[in-house]
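Take a look at the letters that make up each chain.
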Amino acid sequence: MKKEAKPWAGRFRLPTSKATEAFTSSVHYDIRLYKQDIIQSIAYARALTKVHVLNAAESKKIIQALEAIMRELEHGRLKLDPELEDVHMNIEAFLIQKVGEMGKKLHAGRSRNDQVATDLRMYLKYEVTEVVFLIKKLQEALLEQAESNIKVIMPGYTHMQRAQPLLLSHHFLAYYEMLRRDKERFLAAGKAADVMTLGSGALAGTAFDIDREGLAKELGFARVSRNSLDAVADRDFAIEFLAACSLLMMHLSRLSEELIIWSTFEFNFIKLSDKYTTGSSIMPQKKNPDVAELARGKTGRVYGDLFALLTVMKGLPLAYNRDIQEDKEALFDAVDTVKAVLGIYPEMLLTMKVNAEEMKAASKKGFLTATDLAYYLVRRGVPFREAHAIVGKIVAYCEESNMQIEYLSLQQLKQFSPEFGYDATRFLSAESSIASRDMTGGTAPVRVKEAIKRARKELLHDQA
Ligand code: ARG
């Protein structure tokens, strides 16, 4: 096949240097947009036909050729040429090779600037549905674990110090909630992307009377952009998507960190399955939580993607500048990373074993119900600050004499406050502490069961 000249070669006297070609080419990554690009071009050919830039026969031929190019690309039978810069110019060149001169008509009124923005928006809309689906799978895994461990008591932490007892299910549900909000953020980013920029031309709009609303409908967009400069120059929708990715990764990184700590010899709260851990090449005994560690580590690159695009955009005068081409690698990398982590996480969670005994034992040591003892005094009329101080002294005493509060006799307790009665120690069990957090959002078993039920229903009706 004859090599197509660069479509913009007309005003140049010298050929582009090889270095410039290599430096500016984006085909090795924007090939990912070929489907969107071809679908868009097919719709655009129809729009051009309506305004008589193409006649019916030309339109038919062009559309058939574009469909053929799509199939050939799908089967890997076409190779993009880096000299033709990007996926858009490559597809145009394939078209011209197939249909001849009439292929040169398709770009009338269109610029790669509005074209690439539309491709990218189509791409992101699709990826949002993918990511949301995968988040749902992870939420289901969390619910599964919450349900099957409904009786497991664990120590809750603040400052990494034992704080108050919790149901492990409550802990899992905390991540369920974070993911619920993550999903909302992705859906919002999808909505931001759902604006068709085609028809904006290079920057000022198109001089052909194309039906933008009709085009939007055909391409599945909810709205059309309202300002041609804004449409080709901004990538805020992509940044919103990357921000959603970053927050999701932040949540997954915290979960990873917990799984890593919980599976240490020191904690021994969980055992990750052999399937989701790896060994050491030198220490035969090692079983390392590498999947969780990599998920935590990959958070850094997704943050990097967000910052890359924010920084690319910050100094750009209107409208399009070539800097904006840098948006794609950041986006693709974030999409790949987020999908890879979400892809492996549900199974890792579902196959992990919870060591209920160890968790329970840990929740009994460390004065986790000291607050409950203070509340006992509050119910007897002691002001909370005073009750806090009294129980603080009891804790210090127990620590010095190396004993648990529950082993103190009533007589000993009364030395700290006359308000202590025979029933005081009843409030010292982890179970009673947990049961007393019986409010919306609390860790009491009834509330947690309710929350699981609600979450199940939510996921069932979640049409996202
Ligand atoms: N490859 C370019 C990008 O991704 C397409 C737009 C190029 N526009 C231009 N005027 N050079 O941004």
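Quick note: structure is the one above.
Please read these numbers as outputs of a predicted model, since none were measured by experiment. (Residues numbered from 1 in each chain as written. Predicted model: local features only at pLDDT ≥ 70, side-chain atom pairs only at ≥ 80, totals over all residues. Heavy atoms only, no water.)

**Description of the packing of aromatic side chains**
Piece 1. All chains considered together, the criterion is met by 10 aromatic pairs.
Piece 2. Linked through ring pairs, Tyr157, Trp262, Phe267 and Phe269 together constitute an aromatic cluster.
Piece 3. The residue whose ring lies beneath arginine 121 is phenylalanine 237, and the NZ or CZ to ring-centre distance is 3.9 Å.
Piece 4. A cation over an aromatic ring shows up here: lysine 125 above the ring of phenylalanine 221, its NZ or CZ 4.3 Å from the ring centre. (Phe/Tyr/Trp six-rings, centres within 6.5 Å; stacked < 30°, edge-to-face > 60°. Lys NZ or Arg CZ within 6 Å of the ring centre and 35° of its normal.)

**Quick word on the site of the ligand**
Piece 1. Near the ligand you find Ser26, Asp86, Arg112, Asn113, Val116, Tyr320, Arg322, Gln325 and Lys328, and these make up its full shell.
Piece 2. The contact in question runs from a nitrogen atom of the ligand to an N or O atom on the side chain of arginine 112, over 3.5 Å.
Piece 3. In this structure, a nitrogen atom belonging to the ligand sits 2.9 Å away from a side-chain N or O atom of asparagine 113.
Piece 4. Out of a free accessible area of 340 Å², the ligand has 86% covered by protein chains. (Near = heavy atom within 4 Å. Polar contact = N/O pair within 3.5 Å; in protein donor to acceptor, adjacent residues only side chain to side chain. Areas by Shrake-Rupley, 256 points an atom, 1.4 Å probe, with all protein chains shown as cover.)

**Description of unusual backbone geometry**
The general pattern is negative phi for most residues beyond glycine and trans for most peptide bonds.
Piece 1. Residue leucine 318 is joined to alanine 319 through a cis peptide bond whose omega torsion reads 0 degrees.
Piece 2. Tracing the sequence through the fold places alanine 319 in the loop between α11 (290-314) and α12 (327-350).
Piece 3. Phi is positive for asparagine 268, which is not a glycine, with a value near 55 degrees.
Piece 4. For phenylalanine 367, which is not glycine, the phi dihedral falls at a positive 55 degrees.
Piece 5. Structurally, the position occupied by phenylalanine 367 is in the loop between α13 (356-364) and α14 (370-379). (Helix = DSSP H or I, 4+ residues; strand = E, 2+ residues; numbered from the N terminus.)

**Here we look at a nonpolar patch on the surface**
Piece 1. Taken together, the side chains of Leu203, Leu229 and Leu318 make up a nonpolar region of the molecular surface, amounting to roughly 270 Å² of accessible area.
Piece 2. Residue placement: leucine 229 occurs in helix α9 (residues 228-233).
Piece 3. For leucine 229, a relative accessible area of 31% translates into the label partly exposed. (Patch = residues over 30% accessible without salt bridge, like charges linked within 9 Å, V, L, I, M, F, W, Y side chains within 5 Å. Salt bridge = Lys/Arg side-chain N within 4 Å of Asp/Glu carboxyl O. Buried < 20%, exposed > 50% of the residue type's maximum accessible area, 1.4 Å probe, protein only.)

**As for the pattern of salt bridges**
Piece 1. Under the criterion given, the structure shown has 33 salt bridges.
Piece 2. The partner of lysine 339 in a salt bridge is glutamate 127, with the nearest N and O atoms 2.7 Å apart. Here glutamate 127 lies in helix α6 (residues 112-148) and lysine 339 lies in helix α12, a separation of 212 residues in the sequence.
Piece 3. The class of lysine 339 is partly exposed, set by a relative accessible area of 22%.
Piece 4. Given the relative accessible area of 7%, glutamate 127 is considered buried.
Piece 5. Across the pair glutamate 177 and arginine 180 runs a salt bridge, and its minimum N-O distance is 2.7 Å. Linking glutamate 177 with arginine 180, this pair stays in helix α7 (residues 168-193), spanning 3 residues, or about one helical turn.
Piece 6. The exposure class of glutamate 177 is partly exposed, given its relative accessible area of 25%.
Piece 7. Residue classification places arginine 180 among the partly exposed positions, given a relative accessible area of 24%.

**Considerations on the packing of helix α3 (residues 34-50) against α6**
In helix packing, the relevant descriptors are the interaxial angle and the interaxial distance, both defined with respect to the helix axes.
Piece 1. Contact geometry for α3 and α6: axes closest at 9 Å, N-to-C directions at 120 degrees. As the angle between them shows, α3 and α6 are arranged oblique. The handedness of the crossing between α3 and α6 is right-handed. Residue-level contacts link Gln36, Asp37, Ile39, Gln40 and Ser41 of α3 to Asp114, Gln115, Thr118, Asp119, Met122 and Tyr123 of α6.
Piece 2. Across the contact of α3 with α6, the residue classes break down as 3 nonpolar, 5 polar and 3 charged. (Axes fitted to C-alpha atoms, helices over the stretch in contact; angles between N-to-C directions. Parallel < 35°, antiparallel > 145°, perpendicular 65-115°, else oblique. Left-handed = near helix turned anticlockwise from the far one by under 90°. Contact = heavy atoms within 4.5 Å. Nonpolar A, V, L, I, M, F, W, Y, C, P; charged D, E, K, R; others polar.)

**Some thoughts on the pairing of strand β2 (residues 161-167)**
Piece 1. Summarising the sheet, strand β1 (residues 153-158) and β2 pair through 6 bridges and their orientation is antiparallel. Of the residues in β2, the one forming a bridge with methionine 154 is leucine 166. (Pairing = 2+ DSSP bridges.)

**Examining the packing of α3 against helix α4 (residues 56-74)**
Piece 1. α4 packs onto α3 with a crossing angle of 175 degrees between their chain directions and a minimal axis gap of 9 Å. As the angle between them shows, α3 and α4 are arranged roughly antiparallel. On the side of α3, the interface is formed by Tyr34, Lys35, Ile38, Ile39, Ser41, Ile42, Ala45, Arg46 and Thr49, while α4 contributes Ala56, Ser59, Ile62, Ile63, Leu66, Glu67, Ile69, Met70, Leu73 and Glu74.
Piece 2. Class assignment of the residues belonging to the contact of α3 with α4 gives a composition of 12 nonpolar, 3 polar and 4 charged.

**Regarding α14**
Piece 1. Of all the positions in α14, only Ala370, Asp372, Leu373, Ala374, Tyr376 and Leu377 are classed as buried.
Piece 2. Those residues of α14 that are buried are in contact with α15 (384-400) and α17 (430-436).

**Description of the nonpolar core**
Piece 1. If you look at the biggest cluster of nonpolar residues, it comprises 117 residues, and the most contacted ones within it are Phe186, Trp262 and Tyr345.
Piece 2. Examining the composition of this core, we find that 15 residues originate from one element, helix α10 (residues 236-262), more than from any other.
Piece 3. Every residue in contact with tryptophan 262, bar those within four places of it in the chain, is listed here: Met154, Leu168, His171, Phe267, Asn268, Phe269, Ile270 and Met359.
Piece 4. Listed in part, the 19 residues of the second largest apolar core include Ala370, Ala374, Val395 and Leu413. (Core = buried A, V, L, I, M, F, W, Y, C linked by side-chain atoms within 4.5 Å.)

**A look at the side chain of serine 253**
Piece 1. The topology assignment puts serine 253 in helix α10.
Piece 2. For serine 253, the residues in contact, after removing those within four places along its chain, are Arg296 and Thr299.

So yeah, pure geometry; function would need other evidence.
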